[in-house]
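Observations on chain architecture
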Amino acid sequence: MNQENFQELDTIASVMSEKFQDLREQGALREIEDGITELAQKLQERYSISLLLTLSIFDSEREKEIKIHETGINCFGKDSPHSVDGGDSYERFLVTGNIVELPNGYCPSCWGEWDFKLFNPECPHCKIKLGVEVKLLLDTNECPHCCKGVVSMNNPQCTNCDFIASPEIVSWG
């Protein structure tokens, strides 16, 4: 998978979300929504019911799947069903010399789930380490931690949060 492939998946995800919402607006899912609402009224409020359409990609060699995007409806407690739509933001990594782009919550090497890489710098599946075999690849000055502040080689401290783009974990593209 390369960056262009993930961009194509993003395009498919956008169409998927749009078509699902069209079906919902046209009333094509009304029977399902009514059933979910009826059941949710009978359950304790701690339960939620979801109908989700998921776009994912599976790698048979890694035997791992990456969830790209989900769209659907959710009914939490006694509330009416509401739309859910989204996926992880993408990040770029430098992994043993190769550029890899994939959703944030996954390992760029083995594709196992790996959230909060800055706080948990070792992949729980393949044991690859952020700052050793993996570095965040920054092509812009947007902070990879909060996505609101600015970082640079000359000023690695984010202008919005506590993140420091240290050369140990960051490679500038």
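A few points on the structure. (Residues numbered from 1 in each chain as written. Predicted model: local features only at pLDDT ≥ 70, side-chain atom pairs only at ≥ 80, totals over all residues. Heavy atoms only, no water.)

**Quick look at the side chain of S152**
Selection rule: Numbered from the N terminus, helices here are DSSP runs of H or I no shorter than four residues, and strands are runs of E no shorter than two. Pairs of N or O atoms within 3.5 Å make up the polar contacts considered here, provided that, within protein, one atom can donate a hydrogen while the other can accept it, and that residues adjacent in sequence are counted only when both atoms are side-chain atoms. Should any heavy atoms of two residues lie within 4.5 Å, those residues are considered in contact.
For S152, the position within the fold is in the loop between β6 (134–138) and β7 (170–172). Only 2.9 Å separates the side chain of S152 from the backbone nitrogen of N155, close enough to count as a polar contact. Non-local contacts of S152, meaning those with residues more than four positions away in its chain, are made with N141 and W172.

**Looking at unusual backbone geometry**
For T96, which is not glycine, the phi torsion reads 40° and is therefore positive. A positive phi is found at W111, a non-glycine position, where the angle reads about 70°.

**What about the sheet that holds strand β2 (residues 64–76)?**
This is how it is decided: A pair of strands is treated as paired once DSSP finds two or more bridges between them. Here the axes come from fitting lines to C-alpha atoms, over the contacting stretch only for helices, and the angles between their N-to-C directions go from 0 to 180 degrees.
Taken in spatial order, the three strands line up as β1-β2-β3 in an open sheet, and their pairing is antiparallel. Edge positions in the open sheet fall to β1 (48–59) and β3 (82–86), since each of these has one partner strand only. When the angles between neighbouring strand axes are averaged without regard to direction, this sheet yields 15°. Against the sheet, helix α1 (residues 3–25) engages β1, β2 and β3, with an angle of about 20° to β2.

**Overview of the nonpolar core**
Definition in use: We call a set of buried residues a nonpolar core when its members are Ala, Val, Leu, Ile, Met, Phe, Trp, Tyr or Cys and they connect through side-chain atoms within 4.5 Å of each other. The buried label goes to any residue with under 20% of its type's maximum accessible area, the exposed label to any with over 50%, and the partly exposed label to all in between, with areas taken from a 1.4 Å probe on protein chains only.
The biggest cluster of nonpolar side chains holds 32 residues, and the ones touching the most others in it are L102 and F163. Examining the composition of this core, we find that four residues originate from one element, α1, more than from any other. Setting aside anything within four residues of it in sequence, one finds L102 in contact with F6, I66, S89, Y90, E91, F93, C107, P108 and W111. By size, the runner-up hydrophobic cluster in this structure holds seven residues, among which are F20, A40, I49 and C75.

**A few points about helix α2 (residues 30–42)**
Since the α-helix advances by 3.6 residues per turn, residues separated by three or four positions end up pointing in the same direction. To keep things clear, this is the line we draw: One less than the residue count of a helix, multiplied by 1.5 Å, gives the span that helix is expected to have. To be clear, the arc concerns the directions from the helix axis to the C-beta atoms.
For α2, which comprises 13 residues, the first-to-last C-alpha distance of 19 Å matches the rise-based estimate of 18 Å (1.5 Å per residue) to within 8%. Every buried residue of α2 is listed here: E33, I36 and A40. Viewed along the axis of α2, the buried residues span an arc of 65°, placing them on a single side of the element. Exposed side chains of α2 directed beyond 90 degrees from the buried face belong to E31 and K42.

**Examining α1**
With 23 residues, α1 extends 33 Å from end C-alpha to end C-alpha; this agrees with the ideal 33 Å at 1.5 Å per step. Among all positions of α1, only F6, L9, A13, M16, S17, F20 and R24 are buried. On its buried side, α1 packs onto α2, β1, β2, β3, β4 (90–95) and β5 (98–103). After α1 finishes, the residue G27 shows a positive phi value of roughly 85°.

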